[in-house]
Amino acid sequence: MLKRIQKFFQRIVLFFFGSTIFFVLLYRFVPVPVTPLMIIRCAQQIKRGEQIRLKHHWVPLSEMSKYMPVAVMASEDQRFLQHHGFDFTEIQNAVKERMEGKRKRGGSTISQQTAKNVFLWPASSWLRKGLEVYFTALIELCWNKERIMEVYLNSIEMGDGIYGAEAVAQQHFGRSAASLTRPNCALIAATLPNPLRFNSGNPSRYMLKRQTAIMRQMRHIALFPSGR
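What comes next is a walk through the structure. Each chain carries its own residue numbering, running from 1 in the direction its sequence is written. The predicted nature of this model means local features are confined to residues of pLDDT at least 70 and side-chain atom pairs, given and counted, to a pLDDT of 80 or more, with totals for whole chains, interfaces and linings taken over all residues. For side-chain calculations, the full set of non-hydrogen atoms in the structure is used, while hydrogens and water are omitted.

## Here we look at the overall build of the protein chain
Moving on, step 1. From N to C terminus, the protein chain includes 10 helices and three strands.
Moving on, step 2. Under the scheme applied here, a residue whose accessible area is under 20% of the maximum for its type counts as buried, over 50% as exposed, and between as partly exposed, the area being computed with a 1.4 Å probe on protein chains only. The proportion of buried residues among the 228 residues of the protein chain is 43%.
Moving on, step 3. Residue contacts follow a heavy-atom distance rule, with two residues in contact if any of their heavy atoms lie within 4.5 Å. Intrachain contacts of the protein chain at a sequence separation of at least 6 include 69% that bridge at least 24 residues.
Moving on, step 4. Put simply, the protein chain shows about 13,000 Å² of open surface, and 59% of that area lies on carbon and sulfur atoms. Note on conventions: DSSP H or I runs of at least 4 residues are helices, E runs of at least 2 residues are strands, and numbering of each starts at the N terminus. Only the protein chains shown count as covering a residue, and every accessible area follows the Shrake-Rupley method with a 1.4 Å probe.

## Things to note about the side chain of N184
Moving on, step 1. By the secondary structure assignment, N184 is in helix α9 (residues 182-191).
Moving on, step 2. If we skip the residues at most four places from it in the chain, N184 touches F173 and R175.

## What about the pattern of salt bridges?
Moving on, step 1. Any Lys or Arg side-chain nitrogen found within 4 Å of a carboxyl oxygen on Asp or Glu counts as a salt bridge. Following the criterion strictly, the structure yields eight salt bridges and no others.
Moving on, step 2. As a salt-bridge pair, R41 and E157 come within 2.8 Å of each other at their nearest N and O atoms. Of this pair, R41 sits in helix α2 (residues 36-47) while E157 sits in strand β2 (residues 157-159); the two residues are 116 residues apart in sequence, bridging distant segments of the chain. The two residues R41 and E157 agree in class, both being buried.

## Description of the layout of surface pockets
Moving on, step 1. The distinction between a cavity and a pocket rests on a 1 Å grid over the protein atoms alone: a 1.4 Å probe fits inside a cavity but cannot get out, while a pocket stays open yet meets protein on both sides within 12 Å along at least five of seven lines, and a residue with an atom within 4 Å of a point counts as lining. Grid points are joined across faces, edges and corners, and a volume is the space filled by probe spheres set on the points. If you add up the space inside the second largest pocket, you get close to 170 Å³.
Moving on, step 2. As for the second largest pocket, its lining consists of S19, T20, F23, Y27, V34, P36, V118, F119 and F135.
Moving on, step 3. Residue classes follow a fixed rule: Ala, Val, Leu, Ile, Met, Phe, Trp, Tyr, Cys and Pro count as nonpolar, while Asp, Glu, Lys and Arg count as charged, and any other residue, Gly among them, counts as polar. Here the lining of the second largest pocket is built from residues that sort into seven nonpolar, two polar and no charged.

## A short note on the environment of I188
Moving on, step 1. Following the sequence through the fold, I188 ends up in helix α9.
Moving on, step 2. Taking relative accessible area as the criterion, I188 reaches 0% and is therefore assigned buried.
Moving on, step 3. Separated by 118 residues in the primary sequence, I188 and V70 place their C-alpha atoms 12 Å from one another.
Moving on, step 4. Contact partners of I188, with chain neighbours within four places excluded, come to M68, M158, V168, F173, L180 and S200.

Read these as spatial facts, not as claims about activity.
Structure below.
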């Protein structure tokens, strides 16, 4: 009986590692069609009796404005090109500020957010955090930085039912992601802490202040070697 139980758990472990590695390698080359958050949001809309809202149009990084990755790095992860998935400096700062009783803030990198968006669920728990570490290490190992950024900018929530740079560009600015200007990109990046609360198509005074601050930081962010 013990051998059967042991074999059962061994198969589960092998299936977990085999399937996760398979999908990480697959998404190295194939666009991510849907994410768990998209499914969750659609289910929430149905539960509230609302019409399903899901705007998502995958485009390569080369077909986005060169300012888009710069804006999100300036806003979310300024050491994205230097770290290997985890920014320990930011994590230490976040822990220190929390201990001092200051406003809580996350230390998640773009790599961590990508891992969470593509493979996991949004609710915070120790299990999800552990899996987030695993998937972050895996995508950093199997993908390059440009691919991580490409998946991030195509899968992240950028508004109510809006996912990715192309969808938000069309819905809020009436243009393609390739045509987004530097201020457009900074305004989109300013919404990312809470895209359901902040609207890049109808920015508040607070949003415009964040946009200005992000544009200031963008001057210090390097582009990818390819110019993206």
